[in-house]
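# Structural description and commentary
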Amino acid sequence: MSSGTSVEGSTSITSQRNIFSRLWNDKETRSVIVQIIALVALFAFFAFMIRNAVYNLEAIGKGFSFDFLWQPANYDINQRLISYDSRSSHMRAMQVGILNTLLVAFAGIVLATVLGFILGVLRLSKNWLTNKIAYVYIEYVRNVPVLLHILLVHGIMVHSLPKPKSAINVGDAGFLTNRGLFMPKPIPEPLLWAVIALFVAGIIFAIIFRSWAKKVQNETGKIYPVFWISVFAIIILPVLAYFLLGSPVNWEAPELKGFNFRGGMVIRPEFIALWLALSFYTAAFIAEIVRAGILAVSHGQTEASMALGIPRGRTLKLVVIPQALRVIVPPLSSQYLNITKNSSLAIAIGYMDITATIGGISLNQTGREMECMIIVMALYLLFSLLISMFMNWYNKRIKLVER
Amino acid sequence: MNKSFLSAAAFAALSMTAVNAQAATLDDVKARGELNCVVSTGIAGFAAPDDKGVWAGIDVDFCRAVAAAVLGDGEKVNFVPTTGKTRFTVLNSGEGDILFRNTTETMSRDADLKLTFLPVNYYDGQGFMISKELGVNSAKDLDGASICIQTGTTTELNLADYFRTNGISYEPVPVETNAEAQTNYLGGRCDVFTTDASGLASTRASFEKPDDHIILPEIISKEPLGGAVRHGDDQWADIGKWVVNALIAAEELGVTQGSAAEMGKAAGDNPSINRLMGTEGDFGSMIGLDNQWALRAIEAVGNYGEIFDRNIGPDTAIGLERGLNAQWKDGGILYAAPIR
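Calculation rules
- All residue numbers here refer to positions counted from 1 along the written sequence of the relevant chain.
- A letter from A marks each chain and a number from 1 marks each ligand, given out in the order of writing.
- With pLDDT at 70 or above as the cut-off, local features in this predicted model cover only qualifying residues; side-chain atom pairs require 80 or more to be listed or tallied, and sums for whole chains, interfaces and linings still use all residues.
- Going along the chain from the N terminus, every DSSP run of H or I of four or more residues is numbered as a helix, and every run of E of two or more is numbered as a strand.
- Throughout, radius of gyration means the C-alpha value; the globule benchmark is 2.2 Å times the number of residues raised to the power 0.38.
- Three exposure classes are used. Buried residues have 20 or more other C-beta atoms within 10 Å of their own C-beta, exposed residues have 12 or fewer, and partly exposed residues fall in between, all C-beta atoms being placed from the backbone.
- Residues are scored as being in contact if the C-beta atoms we place from backbone atoms lie within 7 Å.
- By definition, a nonpolar core groups buried Ala, Val, Leu, Ile, Met, Phe, Trp, Tyr and Cys residues that are joined through C-beta atoms within 7 Å.
- In this analysis, the expected span of each helix is defined as 1.5 Å times one less than the number of residues it contains.
- What is called the bend at a residue is the angle between a pair of axes, fitted to the seven residues leading up to and ending at it and to the seven starting from it.
- In this classification, Asp, Glu, Lys and Arg are treated as charged, Ala, Val, Leu, Ile, Met, Phe, Trp, Tyr, Cys and Pro as nonpolar, and every other residue, Gly included, as polar.
- Each domain span listed reflects an automatic or database assignment of domains.
- To get an axis, a line is fitted to the C-alpha atoms, and for a helix only the part in contact is used. The angle between two axes follows their N-to-C directions and goes from 0 to 180 degrees.
- Should an angle lie under 35 degrees it is considered roughly parallel, over 145 roughly antiparallel, and from 65 to 115 roughly perpendicular; all remaining angles are considered oblique.
- Crossings are sorted by hand: turned counterclockwise from the far helix by less than a right angle, the near helix makes the crossing left-handed, and turned clockwise it makes it right-handed.

Further remarks concern the overall build of chain A. What chain A contains, in helices and strands, is twelve helices and eight strands. Here the C-alpha atoms of chain A give a radius of gyration of 30 Å, more than 25% beyond the 22 Å that 2.2 N^0.38 yields for 403 residues. Overall, the C-alpha framework of chain A stretches about 105 × 70 × 45 Å when taken along its three principal axes. Within the span of chain A, comprising 403 residues, buried residues form 27% of the whole. By sequence separation, contacts in chain A at least 24 residues apart represent 66% of the contacts at least 6 residues apart.

As a further point, take the overall build of chain B. In terms of helices and strands, chain B carries 14 helices and twelve strands. The C-alpha radius of gyration computed for chain B amounts to 22 Å, which stays within 12% of the reference 20 Å derived for 340 residues, consistent with globular compactness. By its C-alpha atoms, chain B is 75 × 70 × 40 Å across when sized along the principal axes. Every one of the 340 residues in chain B was classed for burial, and the buried ones make up 49%. Taking all contacts inside chain B whose residues are at least 6 apart in sequence as the whole, residues at least 24 apart take part in 73%.

Leu274(A), Val66(B), Ala69(B), Leu247(B) and Ala297(B) are the most contacted members of the largest nonpolar core, which totals 151 residues. Ranked by residues supplied to this core, first place goes to helix H8 (residues 269-296) of chain A with 17 residues. Ignoring any residue separated from it by four or fewer positions in sequence, one finds Ala69(B) in contact with Ile239(B), Val243(B), Leu289(B), Trp293(B), Ala294(B), Arg296(B) and Ala297(B). Ala167(A), Phe182(A), Met183(A) and Phe261(A) belong to the second largest nonpolar core, which has seven residues in total.

Moving on: helix H7 (residues 226-244) of chain A. Residue and element names in this part refer to chain A. Between the first and last C-alpha of H7 there are 26 Å, a value that for 19 residues agrees with the 27 Å anticipated at 1.5 Å per step. The sharpest bend along H7 measures roughly 35° and falls at phenylalanine 232. At the exit of H7 stands glycine 246, carrying a positive phi of roughly 75°.

Taken together, the 40 residues of chain B in the interface contact 38 residues of chain A. Elements with a minimum of two residues in the side of chain B that touches chain A: helix H1 (2-14), helix H4 (87-92), strand S8 (145-150), helix H6 (154-165), strand S9 (170-175) and helix H7 (178-187) of chain B. Of all the elements, S9(B) adds the most residues to the side of chain B that touches chain A, at five residues. Grouping the amino acids of the side of chain B that touches chain A by side-chain chemistry returns 17 nonpolar, 13 polar and ten charged.

What the domain assignment reports for chain A is domain 1 (7-55) and domain 2 (90-184 + 253-398). In this structure, domain 1 of chain A and domain 2 of chain A have C-alpha centres spaced 50 Å apart.

Looking now at H6(B). Residue and element names in this part refer to chain B. Compared with the 16 Å implied by 1.5 Å per residue over twelve residues, the 17 Å span of H6 between its first and last C-alpha is a close match. Listed as buried for H6 are Thr154, Thr155, Glu156, Asn158, Leu159, Ala160, Tyr162 and Phe163. Glycine 167 lies just past H6 and shows a positive phi near 65°.

On to the packing of helix H4 (residues 128-142) of chain A against H8(A), then. Residue and element names in this part refer to chain A. Axis separation between H4 and H8 bottoms out at 9 Å; the angle between their running directions is 125°. Overall, the two elements H4 and H8 adopt an arrangement that is oblique. When the axes of H4 and H8 are compared, the crossing they make is left-handed. Packed against H4, whose contacting residues are Tyr137, Ile138, Val141 and Arg142, the element H8 presents Phe280, Tyr281, Ala284, Phe285, Ala287 and Glu288 at the interface. A class-by-class count of the residues in the contact of H4 with H8 yields eight nonpolar, no polar and two charged.

Spelled out as structure tokens, the structure:
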């Protein structure tokens, strides 16, 4: 509309201005307007970035395609949990990397949790020395970047352990060298399946027995030793069966031949360094989380429980730990996510995880930076979301049920 | 009104895709007054900072020669150290103008990674280094060995191919940089270190006891090492190409760092030298420079032979012979296209 000289025109402009200022002065409308502007700006930003990337890739003549995943990878990988050789595809190399990442993340989570809980409890110990040792450990470890821990452990393994020719013999079963820990490899015989079946049956039995025992306890107050019966069913029975069936496993011992040990299995220094460093580092954080969780349960709870005549062990199990867990689990989840993501530092010591395979060598040999990075990011996102999902589920399970 | 304002803003944002990959690199470099040269993180003799922090080596000298030709000063170089993995991304993203980084020319790098390779400045091949005390004399005896290998290199692929075709097993120990390879090799994590033979010689020269290690006779690949630029800027590629050719031609024509200034003063009897020195013809303007471009490059770093001898020649700690890298007249395969 032109800013005409007619009276009609000028009133119309004033009224429009009024509408706008009215809208702006209204709290609710303003918030909607601001949100719309923010959203549009956000979309515009991403559209700009994506357009820019596509435009520039096109400008240098590089298309966007995932076809390279089916080409032979042409490189070798030392640690592979599934069959792989240099003729396998990049896809297969990625799968090897995924398994290696999951292996170190899983092993790291288990060890970090165990160490973290021990350290957290030690940190609360009334014994001055124990307390201070845990304190110094935690403060040192969590204040030094994890990359340095990884390099340190790897350096120690490579430079202070002997070469294969003068390997440290661990009871004729394992050989510790700077190329890793060589161990006998189990080769199963058919009868082993019976033992495995028994083990699985033990687990199923334990789950059913546990819920049954709980039901009985709720109804009659009778308490069964669930833990020991479960241990018997899951561990002792299969072990007994294993020996009764005459140890149905052949062990292929590693043998020093030429440059290296042949046969058997090997845990490489790269894995050990990454696993230990990640676990030690994260354990320090978990220890603080555990300490906070235990301290969050007020002492009155323990005293009340004792006053009711509940023994110390049961007080811990039924009163303190369930309440502490509610505080511990949410931050613990983010530590698990940290381990998984930090495992990408593997690249510093040449552990072949997804960052080193599909996000490293494949990326470099094919020149598909964008595609490879998208894959790697999507994979880490997937792992993290899965861990989050599991931990959220667990968190819900242990939540305080209010009546 | 509100709506049209917002869509106008969104449109403005979308149309602001200002990045232009086709911009003339020469203009950028001149405007910046400095050449961004992509080099390695440190391979003695090729590109490594010395004890005073000054970069030196063959690749470094080629960077300086280009800077001298374009900017008139061989010191106006900003060295961008890269690993085997980051080098092409750094070049393709525009962070570097030109790359001289022990880089093997291959078809996929040329066509798929969108690089334009400059003439070869070092003919190399992949070799193996091993400790003498292991008593190995041939790569065929390496069955079961642990081998340190830089990731993201052609050597990684050659290694897999060589051991596969010869039916030998090995454990690859991937490392990121030459320094890391050295630590792992000397620490005994791997029995063998493999890379380009020149790189092995350079690495060995930096050992405390170089004589304890031998380089096995097998050379398992062709590694023509050369500089590279991005696809799409032919003028810039021509500058790189002809600076390299000029340095090689200078040796063939007997123009040295010391004699270049004198020879460039006036035209002499030899038209080839005259064209190189810019006293005849108008070759500089063909590539967007003045006619003294080659003269300045030679004055800055010397001819190919001088560069070779100063950095990796028989009198240096690295001690490489010219071999394939001698002029074609002397039994090598260095053969610069003529400037005419």
